[in-house]
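Examination of the molecular architecture
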Amino acid sequence: MHNPKLTRRAMLGSGAAMGASLASGVHADEVTPAQPEGPFYPTLMQADRDADLTRVDGQSGIALGEIVDVSGIVTDLDGVPIEGAIVDIWQANAAGRYAHERDPNPAPLDPNFQGWAVMTTDAEGRYGFRTVRPGAYPAGGSWMRPPHIHYRVSKRGFHELTTQMYFAGETLNTGDRLLAPLSPEEQARLIAERAGPDAPYQFDITLARV
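Residues numbered from 1 in each chain as written. Predicted model: local features only at pLDDT ≥ 70, side-chain atom pairs only at ≥ 80, totals over all residues. Heavy atoms only, no water.

1. Describing the overall build of the chain
Within the chain, the secondary structure is distributed over 2 helices and 11 strands. Of the regular secondary structure in the chain, the N- to C-terminal order runs α-β-β-β-β-β-β-β-β-α-β-β-β. Contacts spanning at least 24 positions in sequence make up 75% of the contacts within the chain whose residues lie at least 6 apart. Counting every atom, the chain has about 10,100 Å² of accessible surface; 55% of that belongs to carbon and sulfur. (Helix = DSSP H or I, 4+ residues; strand = E, 2+ residues; numbered from the N terminus. Contact = heavy atoms within 4.5 Å. Areas by Shrake-Rupley, 256 points an atom, 1.4 Å probe, with all protein chains shown as cover.)

Structure follows, in C-alpha coordinates:
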(Lines give C-alpha, C1' and ligand atoms only; values in the text may rest on other atoms or scores of the structure.)
Protein backbone atom coordinates (compact mmCIF):
# COMPACT_ATOMS: atom_id res chain seq x y z
CA MET A 1 0.00 0.00 0.00
CA HIS A 2 1.26 3.45 -0.85
CA ASN A 3 1.99 5.47 2.25
CA PRO A 4 1.35 9.20 1.96
CA LYS A 5 4.45 11.36 2.07
CA LEU A 6 5.09 12.63 5.57
CA THR A 7 4.73 16.34 6.09
CA ARG A 8 7.12 18.42 8.16
CA ARG A 9 4.44 18.82 10.85
CA ALA A 10 3.79 15.06 10.90
CA MET A 11 7.46 14.26 11.31
CA LEU A 12 7.76 16.65 14.23
CA GLY A 13 4.75 15.07 15.80
CA SER A 14 6.02 11.54 15.27
CA GLY A 15 9.33 12.48 16.82
CA ALA A 16 7.50 13.58 19.95
CA ALA A 17 5.43 10.42 19.97
CA MET A 18 8.58 8.31 19.84
CA GLY A 19 10.00 10.12 22.84
CA ALA A 20 12.74 11.74 20.85
CA SER A 21 12.54 15.17 22.36
CA LEU A 22 14.22 16.44 25.51
CA ALA A 23 12.52 18.34 28.30
CA SER A 24 13.10 22.08 28.21
CA GLY A 25 15.55 23.58 30.65
CA VAL A 26 18.25 20.92 30.20
CA HIS A 27 21.55 22.70 30.69
CA ALA A 28 23.90 22.66 27.68
CA ASP A 29 27.18 24.35 28.53
CA GLU A 30 28.91 24.12 25.16
CA VAL A 31 28.01 25.08 21.63
CA THR A 32 27.76 22.14 19.22
CA PRO A 33 31.15 21.78 17.47
CA ALA A 34 31.32 23.26 13.99
CA GLN A 35 32.27 21.17 10.95
CA PRO A 36 33.01 22.14 7.32
CA GLU A 37 30.09 22.65 4.98
CA GLY A 38 31.79 20.54 2.31
CA PRO A 39 31.52 20.99 -1.46
CA PHE A 40 28.10 19.45 -2.02
CA TYR A 41 25.56 21.87 -0.56
CA PRO A 42 22.66 21.79 -3.06
CA THR A 43 22.93 24.40 -5.81
CA LEU A 44 19.77 23.56 -7.73
CA MET A 45 16.53 24.58 -6.06
CA GLN A 46 14.04 21.77 -5.56
CA ALA A 47 10.39 22.13 -4.67
CA ASP A 48 10.32 19.12 -2.36
CA ARG A 49 12.34 19.86 0.77
CA ASP A 50 10.04 18.48 3.45
CA ALA A 51 10.94 16.19 6.36
CA ASP A 52 10.59 12.86 4.53
CA LEU A 53 13.65 12.34 2.33
CA THR A 54 12.65 8.78 1.44
CA ARG A 55 10.02 9.94 -1.06
CA VAL A 56 9.93 12.57 -3.77
CA ASP A 57 6.70 14.36 -4.63
CA GLY A 58 5.20 13.11 -7.86
CA GLN A 59 6.98 9.74 -7.71
CA SER A 60 5.71 6.48 -6.30
CA GLY A 61 9.05 4.86 -5.44
CA ILE A 62 10.84 4.74 -2.10
CA ALA A 63 14.51 5.58 -1.63
CA LEU A 64 16.93 2.68 -1.49
CA GLY A 65 18.71 1.84 1.75
CA GLU A 66 18.04 1.56 5.46
CA ILE A 67 15.31 3.99 6.48
CA VAL A 68 16.04 5.83 9.72
CA ASP A 69 14.48 8.65 11.72
CA VAL A 70 16.48 11.50 13.20
CA SER A 71 15.19 13.95 15.78
CA GLY A 72 16.50 16.41 18.31
CA ILE A 73 16.06 19.69 20.07
CA VAL A 74 17.78 23.01 19.43
CA THR A 75 18.62 25.00 22.57
CA ASP A 76 20.72 27.91 23.72
CA LEU A 77 23.61 27.58 26.18
CA ASP A 78 21.20 27.63 29.12
CA GLY A 79 19.23 24.71 27.71
CA VAL A 80 16.27 26.90 26.71
CA PRO A 81 14.57 25.55 23.55
CA ILE A 82 14.81 27.74 20.48
CA GLU A 83 11.54 28.02 18.56
CA GLY A 84 11.63 28.86 14.86
CA ALA A 85 15.23 27.82 14.18
CA ILE A 86 15.83 26.81 10.56
CA VAL A 87 17.35 23.33 10.32
CA ASP A 88 18.81 22.78 6.84
CA ILE A 89 20.15 19.25 6.19
CA TRP A 90 21.67 17.51 3.16
CA GLN A 91 23.40 14.19 2.64
CA ALA A 92 24.57 11.47 0.28
CA ASN A 93 22.24 8.64 -0.67
CA ALA A 94 22.64 5.04 0.52
CA ALA A 95 25.34 4.45 -2.13
CA GLY A 96 27.39 7.44 -0.96
CA ARG A 97 26.44 9.73 -3.85
CA TYR A 98 25.26 13.34 -3.58
CA ALA A 99 22.75 14.69 -6.09
CA HIS A 100 25.25 17.40 -6.95
CA GLU A 101 26.80 18.20 -10.29
CA ARG A 102 30.33 18.32 -8.83
CA ASP A 103 30.26 14.99 -7.02
CA PRO A 104 32.85 12.77 -8.78
CA ASN A 105 31.66 9.60 -7.08
CA PRO A 106 30.64 7.06 -9.77
CA ALA A 107 28.10 5.47 -7.42
CA PRO A 108 24.54 5.61 -8.78
CA LEU A 109 22.06 8.37 -8.06
CA ASP A 110 18.72 7.42 -6.53
CA PRO A 111 15.82 9.23 -8.24
CA ASN A 112 13.57 8.44 -5.26
CA PHE A 113 15.85 10.02 -2.67
CA GLN A 114 15.17 13.66 -1.80
CA GLY A 115 18.64 14.37 -0.39
CA TRP A 116 17.85 17.79 1.08
CA ALA A 117 15.36 19.07 3.65
CA VAL A 118 14.62 22.34 5.40
CA MET A 119 12.67 22.32 8.67
CA THR A 120 11.65 24.76 11.38
CA THR A 121 11.79 23.89 15.07
CA ASP A 122 8.54 23.90 17.02
CA ALA A 123 7.71 25.71 20.27
CA GLU A 124 9.78 23.18 22.22
CA GLY A 125 12.78 23.51 19.92
CA ARG A 126 12.17 20.13 18.33
CA TYR A 127 12.82 18.98 14.77
CA GLY A 128 12.64 15.57 13.11
CA PHE A 129 13.00 13.93 9.72
CA ARG A 130 12.99 10.56 7.98
CA THR A 131 15.83 9.60 5.67
CA VAL A 132 18.09 6.73 4.65
CA ARG A 133 21.38 5.97 6.32
CA PRO A 134 23.92 7.63 4.00
CA GLY A 135 26.69 5.54 2.48
CA ALA A 136 30.41 6.07 3.01
CA TYR A 137 32.32 7.53 0.08
CA PRO A 138 35.92 8.20 -1.03
CA ALA A 139 37.19 11.69 -0.22
CA GLY A 140 40.65 11.47 -1.78
CA GLY A 141 43.55 9.04 -1.41
CA SER A 142 42.81 6.40 1.21
CA TRP A 143 40.29 8.57 3.06
CA MET A 144 36.78 7.16 3.22
CA ARG A 145 34.25 9.48 4.80
CA PRO A 146 31.99 7.75 7.30
CA PRO A 147 28.22 8.06 6.94
CA HIS A 148 27.19 11.56 8.00
CA ILE A 149 24.50 14.21 7.56
CA HIS A 150 25.32 17.89 7.02
CA TYR A 151 23.52 20.52 9.08
CA ARG A 152 23.16 24.29 8.87
CA VAL A 153 21.14 25.73 11.75
CA SER A 154 20.18 29.38 11.95
CA LYS A 155 17.98 31.70 13.98
CA ARG A 156 18.02 35.46 14.23
CA GLY A 157 19.88 36.52 17.36
CA PHE A 158 22.10 33.42 17.34
CA HIS A 159 25.35 32.53 15.60
CA GLU A 160 24.67 30.30 12.60
CA LEU A 161 26.09 26.80 12.99
CA THR A 162 27.33 24.46 10.25
CA THR A 163 28.16 20.96 11.43
CA GLN A 164 27.87 17.27 10.65
CA MET A 165 26.07 14.42 12.39
CA TYR A 166 27.75 11.01 12.57
CA PHE A 167 26.29 7.61 13.43
CA ALA A 168 27.30 5.63 16.52
CA GLY A 169 29.06 2.34 15.86
CA GLU A 170 30.56 3.25 12.48
CA THR A 171 34.13 1.93 12.22
CA LEU A 172 35.11 4.73 9.82
CA ASN A 173 34.43 7.31 12.53
CA THR A 174 37.71 6.44 14.23
CA GLY A 175 40.01 7.59 11.43
CA ASP A 176 37.91 10.32 9.87
CA ARG A 177 40.02 13.41 9.23
CA LEU A 178 37.24 15.75 10.33
CA LEU A 179 35.91 13.87 13.35
CA ALA A 180 39.01 12.18 14.80
CA PRO A 181 40.97 15.41 15.59
CA LEU A 182 38.22 16.56 17.97
CA SER A 183 38.33 15.86 21.69
CA PRO A 184 36.36 12.84 22.94
CA GLU A 185 33.78 15.23 24.40
CA GLU A 186 33.38 17.08 21.10
CA GLN A 187 33.12 13.82 19.18
CA ALA A 188 30.38 12.62 21.52
CA ARG A 189 28.35 15.73 20.74
CA LEU A 190 28.49 14.96 17.01
CA ILE A 191 27.84 11.20 17.14
CA ALA A 192 24.13 10.41 17.27
CA GLU A 193 22.86 7.34 19.08
CA ARG A 194 19.47 5.70 19.45
CA ALA A 195 17.82 3.80 22.26
CA GLY A 196 16.97 0.80 20.11
CA PRO A 197 16.74 -0.45 16.52
CA ASP A 198 13.35 1.19 15.96
CA ALA A 199 14.09 4.42 17.84
CA PRO A 200 15.18 7.64 16.15
CA TYR A 201 18.75 8.82 16.20
CA GLN A 202 18.96 11.69 18.67
CA PHE A 203 20.99 14.73 17.60
CA ASP A 204 20.62 17.77 19.81
CA ILE A 205 22.11 21.12 18.85
CA THR A 206 23.25 24.05 20.99
CA LEU A 207 23.56 27.56 19.55
CA ALA A 208 25.27 30.61 21.02
CA ARG A 209 23.52 33.96 21.16
CA VAL A 210 25.00 36.86 19.23
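2. Quick word on the side chain of Arg-97
Secondary-structure assignment places Arg-97 in the loop between strand S2 (86-90) and strand S3 (116-120). According to the relative accessible area criterion, Arg-97 is buried, its value standing at 17%. Only 3.4 Å separates the side chain of Arg-97 from the backbone oxygen of Asn-105, close enough to count as a polar contact. From its side chain, Arg-97 meets the backbone oxygen of Ala-107 in a polar contact 2.7 Å long. Setting aside residues up to four positions removed in sequence, Arg-97 forms contacts with Ala-92, Asp-103, Asn-105, Pro-106, Ala-107, Pro-108 and Leu-109. (Buried < 20%, exposed > 50% of the residue type's maximum accessible area, 1.4 Å probe, protein only. Polar contact = N/O pair within 3.5 Å; in protein donor to acceptor, adjacent residues only side chain to side chain.)

3. Here's the deal with the sheet that holds strand S9 (residues 191-192)
Within a sheet, adjacent strands bond to each other through the backbone by hydrogen bonds, running parallel or antiparallel. Pairing within the open sheet is mixed, and its 5 strands lie in the order S3-S2-S7-S8-S9. Both outer strands of the open sheet, S3 and S9, are each paired with one neighbouring strand and no more. (Pairing = 2+ DSSP bridges.)

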